[in-house]
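Here is what each chain is made of, one letter per residue.
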Amino acid sequence: MKQITTFIISLIFSFYTSASGQTTKTFNLSDFCDKEWAIEFAPDTDPMPAKQGWRLSNDGDAISFMYCKDGKIEATVQFYLSDTPVTNFDYNKVGKTPKGKYIVTINKANYVNNLEIMTISSHRMVLKNIAQNYILNLTSN
């Protein structure tokens, strides 16, 4: 009887841990690269910022942009996809990681930023900035 009870408890425990385990969805770079993604600001934002966002390329460039009265301003940083957040940017992965859960960027000041990809569709992407704990909604035409 003790063996049967132990077996049932083990079975319940293994079922619970497998059912409650997190599933990590990875995303393909092809899901969102070579599109202009604009930040979606809340309608009550005052003053409403100029249209801005970014475009990610297959070769590892993240081009941020902002429209202003003088035209479009752009700046480029490098990025790669990762399955986990990172603290040290790995330049060897730039343009070589076609799948991942996080967009990892590094700016000119060597600040590493991890953006968790929450969802992607053909016209909408939702990211979570891990360090600053905010959600970023982007849309694409």
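Residues numbered from 1 in each chain as written. Predicted model: local features only at pLDDT ≥ 70, side-chain atom pairs only at ≥ 80, totals over all residues. Heavy atoms only, no water.

Our next topic: the side chain of Glu-116. In this structure, Glu-116 sits in strand β8 (residues 112-120). Here Glu-116 falls in the buried class, since its relative accessible area comes to 15%. Polar side-chain contacts of Glu-116 include one of 3.4 Å to the side chain of Lys-101. Among all residues touching Glu-116, those that are not within four sequence positions of it are Lys-101, Tyr-102, Val-126, Leu-127, Lys-128 and Ile-130. (Helix = DSSP H or I, 4+ residues; strand = E, 2+ residues; numbered from the N terminus. Buried < 20%, exposed > 50% of the residue type's maximum accessible area, 1.4 Å probe, protein only. Polar contact = N/O pair within 3.5 Å; in protein donor to acceptor, adjacent residues only side chain to side chain. Contact = heavy atoms within 4.5 Å.)

Let us look at the pattern of salt bridges. Tallied over the entire structure, the rule returns seven salt bridges. For Glu-36, the salt bridge identified is with Arg-55, shortest N-O distance 3.9 Å. Of the two residues, Glu-36 is situated in strand β2 (residues 36-39) and Arg-55 in strand β3 (residues 52-56); the sequence distance between them amounts to 19 residues. Here Glu-36 falls in the partly exposed class, since its relative accessible area comes to 24%. We classify Arg-55 as partly exposed; its relative accessible area is 24%. Among the ionic contacts, a cluster of salt bridges with common partners joins Glu-36, Lys-51, Arg-55, Lys-72 and Glu-74. (Salt bridge = Lys/Arg side-chain N within 4 Å of Asp/Glu carboxyl O.)

Turning to the nonpolar core, a few remarks are in order. For soluble globular proteins, nonpolar side chains are generally found buried alongside one another. Counting 17 residues, the largest nonpolar core has Phe-32, Trp-54, Ile-103 and Leu-127 as the members making the most contacts within it. Sorting the residues of this core by element identifies β3, β5 (71-82), β8, β9 (124-129) and β10 (134-139) as the ones contributing at least two each. Look past the residues within four positions of Leu-127 in its chain and what remains in contact with it is Trp-54, Ile-103, Leu-115, Glu-116, Ile-117, Met-118, Tyr-134, Ile-135, Leu-136 and Leu-138. Ranked by size, the runner-up nonpolar core spans eight residues in total, among them Phe-89, Val-104, Ile-106 and Val-112. (Core = buried A, V, L, I, M, F, W, Y, C linked by side-chain atoms within 4.5 Å.)

Here we take up the packing of aromatic side chains. In total, this model carries three aromatic pairs according to the counting rule given. Relative to Tyr-67, the ring of Phe-65 has its centre 5.8 Å away and its plane inclined at 70 degrees; by these criteria the two rings are edge-to-face. Centroid distance Tyr-80 to Phe-89: 4.9 Å. Interplanar angle 55 degrees. Geometry classified as tilted. Assigned by exposure class, Tyr-80 and Phe-89 land together as buried. Aromatic rings pair up to connect Tyr-80, Phe-89 and Tyr-91 into one cluster. When the ring centre of Phe-27 is taken as origin, the NZ or CZ atom of Lys-25, which lies over that ring, is 5.2 Å away. In this structure, Lys-72 is placed above the aromatic ring of Phe-65, and the distance from its NZ or CZ to the ring centre is 5.2 Å. (Phe/Tyr/Trp six-rings, centres within 6.5 Å; stacked < 30°, edge-to-face > 60°. Lys NZ or Arg CZ within 6 Å of the ring centre and 35° of its normal.)

Geometric descriptors of this kind do not, in isolation, establish any biological role.
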